[in-house]
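Listed here are the chains, written in short residue letters.
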Amino acid sequence: MRLDDRILEFFNRPLMCIIAAADEAGRPSAGRGVGFHVLEDRETIDVIFSAWQWPRLEPSIRQTGRIAVTFASPSDYVSFQLKGSASTRDAEAHNLVCADRFMAKATGELESLGVPRRTIAPWLTAREARVARLDISEIYTQTPGPLAGMLAGARS
């Protein structure tokens with residue numbers, strides 16, 4: 001599924017990110033994403049996370065090859081969830097640059113909302129960074145309200 005211009009514009013905002021997966025036994029695993037990069041095809045996104053902080057996440061992704069990634073704007077809760085097949089790999093230098101930019105924007109936004117930096121710092125780390133490459137098959141609106149849970153672009 002291809003990301004439309006509205007979602008690409010949304011991705012320019014300061015965001016928070018949660019990656020969710022399940023292992024072969026169906027046990028859930030989740031972790032905070034600390035950066036992302038939309039590939040040129042607009043159907044694939046690389047999401048960066050800390051394997052150090054979220055040690056069960058990468059094995060779950062490798063076992064099932066599926067993830068859901070939710071991006072939310074802290075200032076107004078506009079949110080989208082992307083689902084699809086995924087693989088993992090080590091982060092490269094350009095991924096770490098994306099992570100640094102993402103973490104700085106998220107920290108600045110959360111501070112502007114009154115969250116102390118000392119509270120934010122443990123949430124956002126790229127230590128032992130890994131990349132989950134998501135081939136997007138589904139996009140859902142997750143913004144609280146009447147469209148929450150609906151396929152993005154769907155109308156009630």
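Residues numbered from 1 in each chain as written. Predicted model: local features only at pLDDT ≥ 70, side-chain atom pairs only at ≥ 80, totals over all residues. Heavy atoms only, no water.

(A) Up close: the pattern of salt bridges. Within this structure, the stated rule accounts for 12 salt bridges. The partner of D76 in a salt bridge is R13, and the shortest N-O contact between them spans 2.5 Å. With a gap of 63 residues between them, D76 in the loop between β4 (66-72) and β5 (79-90) and R13 in the loop between α1 (5-10) and β1 (16-22) connect regions that are remote in the sequence. A residue is classified by how much of its surface remains accessible, and D76, at 33% relative accessible area, is partly exposed. What makes R13 partly exposed here is its relative accessible area of 27%. Of the charged contacts in the structure, one is a salt bridge between R89 and D46, with a shortest N-O distance of 3.2 Å. Within this pair, whereas R89 is found in strand β5, its partner D46 is found in strand β3 (residues 44-50), the two being separated by 43 residues in sequence. Accessibility expressed as a relative area gives 23% for R89, which makes it partly exposed. (Salt bridge = Lys/Arg side-chain N within 4 Å of Asp/Glu carboxyl O. Helix = DSSP H or I, 4+ residues; strand = E, 2+ residues; numbered from the N terminus. Buried < 20%, exposed > 50% of the residue type's maximum accessible area, 1.4 Å probe, protein only.)

(B) Structural view of the sheet that holds strand β6 (residues 129-141). Strand order in the closed barrel formed by 6 strands is β1-β2-β3-β6-β5-β4, with antiparallel pairing between adjacent strands. Put simply, the sheet's adjacent strands are angled 45° from each other on average, direction ignored. Pairing of β4 with β5, which is carried by 7 bridges, proceeds in the antiparallel orientation. Residue pairing for β5: I67 is matched across the bridge by G84. The strands touched by helix α2 (residues 57-64) are β1, β2 (28-38), β3, β4, β5 and β6; relative to β1, the strand with the most contacts, the crossing angle is about 55°. Where helix α3 (residues 93-112) meets the sheet, its contacts fall on β1, β2, β3, β5 and β6, and the angle it forms with β2 comes to roughly 105°. (Pairing = 2+ DSSP bridges. Axes fitted to C-alpha atoms, helices over the stretch in contact; angles between N-to-C directions. Contact = heavy atoms within 4.5 Å.)

(C) Quick look at the packing of aromatic side chains. A full pass over the atoms with the stated rule returns 6 aromatic pairs. Seen from their ring centres, F11 and F71 are 4.9 Å apart, and the 70° between their planes marks the pair as edge-to-face. With F11 in the loop between α1 and β1 and F71 in strand β4, this residue pair connects regions lying 60 residues apart in the sequence. Ring geometry for F36 against F71: centres 5.0 Å apart, planes inclined by 65°, an arrangement best described as edge-to-face. Residue F36 is located in strand β2, and its partner F71 is located in strand β4; the two are separated by 35 residues in the primary sequence. In this pair, the class of F36 matches that of F71, namely buried. Here a set of aromatic residues connected by ring pairs shows up, and it is made of F10, F11, F36, F71, F80 and F102. (Phe/Tyr/Trp six-rings, centres within 6.5 Å; stacked < 30°, edge-to-face > 60°.)

(D) Up close: the pairing of β6. Pairing of β3 with β6, which is carried by 7 bridges, proceeds in the antiparallel orientation. Residue pairing across strands places D46 opposite R133, the latter belonging to β6. In this sheet, β6 lies alongside β5 in antiparallel orientation, the contact comprising 11 bridges. Directly across from K83, in β6, lies its bridge partner E138.

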